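# A structural walkthrough
Next come the chains, spelled out residue by residue.
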Amino acid sequence: MYLEQIKTAEDEWRQRHQDEIARAESAPAACEDGIVLKLLYTPADAKADVYAEVGFPGEFPFTRGNDAAGYRNKLWTVSHYAGFGSPSETNVLFRRMIDHGGVPPYMALDLPTQLGLDPDHPMARGEVGMAGTSVASLRDWETIFDGIDLEKTFVGTVVNAPAAVFLAMHVVLAEKQGADLTKIRGNLQNDILKEFTARGNFIFPVAPSLRLVTDTLEYCAQHLPAYWPLNVCGGHYPEAGANRVHEVAFAFADAFTYIDDAIRRGVAIDNFGQGVFFLMKTNHTDLLEEVAKFRAMRKIWATRLRDHYGAKDPETMKCRVLAHSGGSLLTRERPELNIARTTLACVAGVLGGIQLIGLRTMDEVFGIPTEKSELIAIGTQHVVAHETGLPDVVDPLGGSYCVEALTAEFERNVLEELARIDRMGGMVKAIESGYVRKAIAQDAYRTHRAWESGTKVKVGVNKYRIDEDEPPRQPYAYKPEEEQRQVAAVQRLRRERDNAAVSKALERIVETARRPAQSESNLMPPIIEAVRAYATVGEICGALRQVFGEYSEPTSF
Amino acid sequence: MSTAQRRIRVLMGKPGLCGHDRGIVLVVMALRDAGMEVIYSGRHNSPESLVEVAIQEDVDVLGVSILAGGHLGLCERLAKLLRERNAQDIVLLAGGFIPPEDIPKLKAFGVREVFRDGAKLEDIVQFIEQVAGERAAA
């Protein structure tokens with residue numbers, strides 16, 4: 001009745017302002033994923049009974065937030081992101097950060113390490129120590145954490161394809177330190193599915209890659225209850241060009257695939273669900289939809305975990321979201337405007353009620369960020385946190401006709417995409433068939449064409465351009481002496497260790513990998529033994545390659 | 001069939017270990033839309049395998065994209081391999097996250113043109129049409 005009245009009133013309002021409204025609506029406005037933005041939202045656009053749909057914060061379905069008191073009791077985490085060079089340099093940096101009361105940053109590894117290649121592999125030439133630390137064996141891990149108590153230190157590692165090897169290194173080193181494994185905290189990225197479709201650092205085919213993830217989830221559920229073994233990355237999808245609905249749908253489809261596999265193995269959802277969280281993007285573009293995205297994510301996740309997976313613990317149902325602003329939206333032109341972009345990205349994340357935010361630095365489009373720009377990125381978050389008053393109200397946009405309508409529509413679109421993937425036979429099939437890659441490529445192409453034609457504005461690039469010289473940069477320089485040092489170190493290691501023990505351990509990995517994926521043939525125990533014998537990352541991955549082969553990606557779009 | 005009627009053939013590839021391929025995939029799609037025959041190698045290729053495929057497939061252009069900083073070493077090897085195989089007539093193009101000060105170095109190795117991130121697809125298409133035309137005429 002009430003809604004009928006509103007609709008009639010809106011129609012009358014349209015009549016009264018017919019010309020003005022017709023002019024505004026002649027060019028329809030839509031978000032990048034096609035969700036249409038109406039000129040005006042009224043209670044008729046929001047669901048009839050918003051409170052029945054979204055509830056209260058801290059309660060199912062968590063649309064309005066994971067915590068009852070939002071940011072008043074606990075602000076989001078202001079993330080710190082840093083890169084570094086050799087294992088010993090990394091050790092110095094880690095110790096300094098811990099001495100200053102902080103936690104070590106997430107560990108970045110170089111590409112050869114991420115791809116399971118030793119520093120002296122021919123394909124590693126020119127890339128050792130470039131995009132992060134080169135870690136060839138337990139010996140490097142010992143160097144990195146020399147003098148650091150693993151029982152007291154949260155260690156995050158951005159590693160995917162060889163994640164099991166890094167979990168093994170952490171377990172062995174913790175044991176050597178005499179640590180209580182049940183207290184070990186840390187996190188692996190370990191989201192291999194998005195490597196096939198977005199990030200590109202894959203080694204083995206999809207099915208055995210998934211087996212390795214499940215092996216780590218199962219091992220952690222049994223031995224390292226405080227460790228977070230999986231960090232599902234939706235954020236790599238928009239960086240590869242995907243629209244927002246695809247970002248969320250693909251991230252959830254990946255997550256459900258891991259969960260399905262772990263449950264098949266007999267791991268209980270409430271035993272590992274809380275260690276799964278999402279690393280997404282928070283972007284300034286289509287800002288209201290970004291807020292709707294985070295709200296819809298929580299509802300979709302909680303509903304699926306409760307109703308489909310049978311989670312009992314509300315903590316398991318909470319969708320924990322960490323988000324960084326997207327590097328691909330920064331511009332080299334008028335780079336100072338990147339501060340405005342990331343400020344708005346931060347606001348979007350805060351209005352979305354997420355748990356951690358990291359902002360890009362304005363000058364990383366040129367190379368290694370300067371210290372000044374790092375401080376600006378952190379300071380930007382402090383301004384939003386302490387000057388705007390936004391954290392004082394839980395889910396301040398809850399009840400907004402527009403944001404509630406967008407939240408509901410976003411949810412519908414994500415569920416539709418998830419159903420499409422189900423019809424294809426699940427995410428593994430959708431990846432192998434090339435569907436996911438194609439969908440991302442087509443999104444990226446559409447967006448790029450819109451930037452080139454100017455229908456989509458990039459300030460400083462295709463509108464309000466000011467031609468100026470690029471500032472001097474600090475490039476990511478290749479250090480041949482660093483590479484030679486790592487090559488010499490791994491070759492020395494191979495001479496010094498007990499090679500009979502290494503061969504035996506690698507043989508055991510091969511034997512285990514040949515057996516079907518199940519709890520009895522979990523690869524973690526043999527990988528741990530190989531790591532303990534100082535087998536290298538390349539050798540362990542080589543043993544697995546022998547059995548699993550390598551992934552060959554679909555290349556048609 | 002005269003060479004003038006032959007469709008332009010391009011091998012697009014990612015040498016080395018860098019996994020970022022948003023840019024190269026956009027170029028692949030734009031070249032196809034422009035009517036060229038494009039082979040995309042996917043990721044993680046050695047320079048040797050790219051040069052081998054370029055020669056086997058008899059391409060006019062070999063385009064590579066590198067965003068992780070390895071462009072100098074990789075492009076030097078690619079150009080050297082093309083010369084060693086007596087295939088320096090295949091036009092070598094590079095794209096990606098490449099600092100402007102490296103462009104002259106890449107050109108000195110034998111890279112014909114460099115398209116940094118932000119380059120227009122249309123400009124890349126036009127450039128390839130032009131160099132392929134010159135190559136057909138030669």
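Residues numbered from 1 in each chain as written. Chains lettered and ligands numbered in written order. Predicted model: local features only at pLDDT ≥ 70, side-chain atom pairs only at ≥ 80, totals over all residues. Heavy atoms only, no water.

In terms of regular secondary structure, chain A is built from 24 helices and 10 strands. Against the globule reference of 24 Å for 557 residues, chain A gives a C-alpha radius of gyration of 25 Å, in line with a compact fold. Expressed as lengths along the three principal axes of its C-alpha atoms, the size of chain A is roughly 85 × 55 × 50 Å. Burial status across chain A gives 57% buried among its 557 residues. For chain A, the exposed area adds up to about 23200 Å²; of that, 53% sits on carbon and sulfur atoms. Treating the 63 positive side-chain charges of chain A as one cloud and the 77 negative ones as another, the clouds have centres 1 Å apart. (Helix = DSSP H or I, 4+ residues; strand = E, 2+ residues; numbered from the N terminus. Rg over C-alpha atoms; globule rule 2.2 N^0.38 Å. Buried < 20%, exposed > 50% of the residue type's maximum accessible area, 1.4 Å probe, protein only. Areas by Shrake-Rupley, 256 points an atom, 1.4 Å probe, with all protein chains shown as cover. Lys, Arg positive; Asp, Glu negative; His and termini not counted. Charge placed at Lys NZ, Arg CZ, Asp CG, Glu CD.)

To continue, consider the overall build of chain B. When its secondary structure is counted, chain B shows 5 helices and 5 strands. Going from the N terminus to the C terminus, chain B shows its helices and strands as β-α-β-α-β-α-β-α-β-α. Relative to its length of 138 residues, chain B is compact, with a C-alpha radius of gyration of 14 Å against a globular reference of 14 Å. With the C-alpha coordinates of chain B rotated into their principal frame, the extents come out at 40 × 30 × 25 Å. Buried positions account for 53% of the 138 residues belonging to chain B. Look at the contacts in chain B between residues 6 or more apart in sequence, and 70% of them connect residues 24 or more apart. When the accessible surface of chain B is summed, it comes to about 5800 Å², and 51% of that surface belongs to carbon and sulfur atoms. Side-chain charges in chain B split into 17 positive and 19 negative, and the spacing between the mean points of these groups amounts to 2 Å. (Contact = heavy atoms within 4.5 Å.)

It is worth spelling out the interface of chain A and chain B at this point. Taken together, the 40 residues of chain A in the interface contact 36 residues of chain B. For the pairing of chain A and chain B, the buried interface totals around 3000 Å² over both sides, and the portion due to carbon and sulfur atoms is 55%. Between chain A and chain B we count 3 salt bridges in total. Across the pair Asp 21 of chain B and Arg 437 of chain A runs a salt bridge, and its minimum N-O distance is 2.8 Å. Seen at the junction of chain A and chain B, the total is 10 residue pairs in polar contact (both at pLDDT 80 or more). At the level of secondary structure, the elements contributing two or more residues to the side of chain A that touches chain B comprise α6 (111–114), α9 (193–199), α11 (236–240) and α20 (435–453) of chain A. (Buried area = accessible area lost by both parts, 1.4 Å probe. Salt bridge = Lys/Arg side-chain N within 4 Å of Asp/Glu carboxyl O. Polar contact = N/O pair within 3.5 Å; in protein donor to acceptor, adjacent residues only side chain to side chain.)

So, about the sheet that holds strand β2 (residues 37–40) of chain B. Strand pairing in a sheet is mediated by backbone hydrogen bonds. Such pairs are either parallel or antiparallel. Residues and elements named next belong to chain B. Read from one edge of the open sheet, 5 strands run β2-β1-β3-β4-β5, paired in parallel fashion. Of all the strands in the sheet, the pair left with one neighbour each is β2 and β5 (113–116). This sheet shows a mean twist of 20° between the axes of neighbouring strands, independent of strand direction. Direction of pairing for strand β3 (residues 61–66) relative to strand β4 (residues 91–96): parallel, over a ladder of 6 bridges. Considered in β4, the bridge of Val 61 is made with Val 91. The sheet contacts of helix α5 (residues 121–137) involve β1 (9–13), β3, β4 and β5, and relative to β5 the element is tilted by about 170°. (Pairing = 2+ DSSP bridges. Axes fitted to C-alpha atoms, helices over the stretch in contact; angles between N-to-C directions.)

Turning our attention to the sheet that holds strand β4 (residues 107–108) of chain A. Residue and element names in this part refer to chain A. What the 3 strands build is an open sheet, ordered β4-β5-β6; its pairing is parallel. Edge strands, defined here as strands with exactly one partner in the open sheet, are β4 and β6 (186–188). Across 3 bridges, the pairing between strand β5 (residues 155–158) and β6 is parallel. Bridge pairing in β6 places Gly 156 opposite Asn 187.

Let us now look at empty space enclosed by the protein. Residue and element names in this part refer to chain A. Going through the model one piece at a time under the given rule, you end up with 6 cavities of 30 Å³ or more. In this structure, the largest cavity occupies an estimated 210 Å³ of space. Considering the residues around the largest cavity, the lining is formed by 18 residues, among which Glu 32, Pro 238, Ala 242, Asn 283 and Thr 285 are closest to the centre. Its residues assigned to classes, the lining of the largest cavity shows 4 nonpolar, 6 polar and 8 charged. In this structure, the second largest cavity encloses a volume near 90 Å³. Lining the second largest cavity we find Lys 47, Val 50, Glu 53, Val 54, Thr 63, Lys 299, Glu 404, Thr 407, Ala 408 and Glu 411. The set of elements that each furnish at least two residues to the lining of the second largest cavity consists of α3 (50–54) and α18 (401–423). The residue makeup of the lining of the second largest cavity, split by class, is 3 nonpolar, 2 polar and 5 charged. (1 Å grid on protein atoms, 1.4 Å probe; cavity = no way out; pocket = protein on both sides within 12 Å on 5 of 7 lines; lining within 4 Å. Points joined across faces, edges and corners; volume = space filled by probe spheres on them. Nonpolar A, V, L, I, M, F, W, Y, C, P; charged D, E, K, R; others polar.)

A few words on the packing of aromatic side chains. All names here are of chain A. Enumeration over the complete set of coordinates arrives at 19 aromatic pairs over all chains. Ring centres of Phe 196 and Tyr 551 lie 4.5 Å apart, and the angle between their planes is 65°; this geometry places the pair in the edge-to-face category. Linking Phe 196 in helix α9 with Tyr 551 in the segment after α24 (537–548), this pair joins segments that are 355 residues apart in sequence. Since its relative accessible area comes to 1%, Phe 196 is described here as buried. Consider the rings of Phe 204 and Phe 548, whose centres lie 5.8 Å apart with planes at 80°: the pair is edge-to-face. With Phe 204 in the loop between α9 and α10 (206–223) and Phe 548 in helix α24, the pair connects residues that are 344 residues apart, well separated along the chain. Each member of the pair Phe 204 and Phe 548 is classed as buried. (Phe/Tyr/Trp six-rings, centres within 6.5 Å; stacked < 30°, edge-to-face > 60°.)

The next subject is the nonpolar core. Counting 137 residues, the largest nonpolar core has Trp 141, Phe 145, Phe 166, Phe 252, Phe 278, Trp 301 and Ile 527 of chain A as its most contacted members. It is helix α12 (residues 244–264) of chain A that provides the largest number of residues to this core, a total of 12 residues. Counting 29 residues, the second-largest nonpolar core is a separate cluster that includes Phe 557 of chain A together with Met 29, Ala 30 and Val 91 of chain B. (Core = buried A, V, L, I, M, F, W, Y, C linked by side-chain atoms within 4.5 Å.)

All names here are of chain A. Of the two faces of strand β9 (residues 321–324), the one carrying Val 321 and Ala 323 and the one carrying Leu 322 and His 324 are both buried. The pairing of strand β8 (residues 276–281) with β9 spans 4 bridges and is classified as parallel. Paired with Lys 281 across the two strands is His 324, which belongs to β9. Pairing analysis gives 3 bridges linking β9 to strand β10 (residues 356–358), with the strands arranged parallel.

As a further point, take the pattern of salt bridges. Residue and element names in this part refer to chain A. By the definition in use, this model includes 57 salt bridges over all chains. With its nearest N and O atoms 3.9 Å apart, the salt bridge here joins Lys 318 to Asp 67. Here Asp 67 lies in the loop between α3 and α4 (70–73) and Lys 318 lies in the loop between α15 (314–317) and β9, a separation of 251 residues in the sequence. Here Lys 318 falls in the buried class, since its relative accessible area comes to 9%.

Scope: geometric values only; no functional claims are made or implied.
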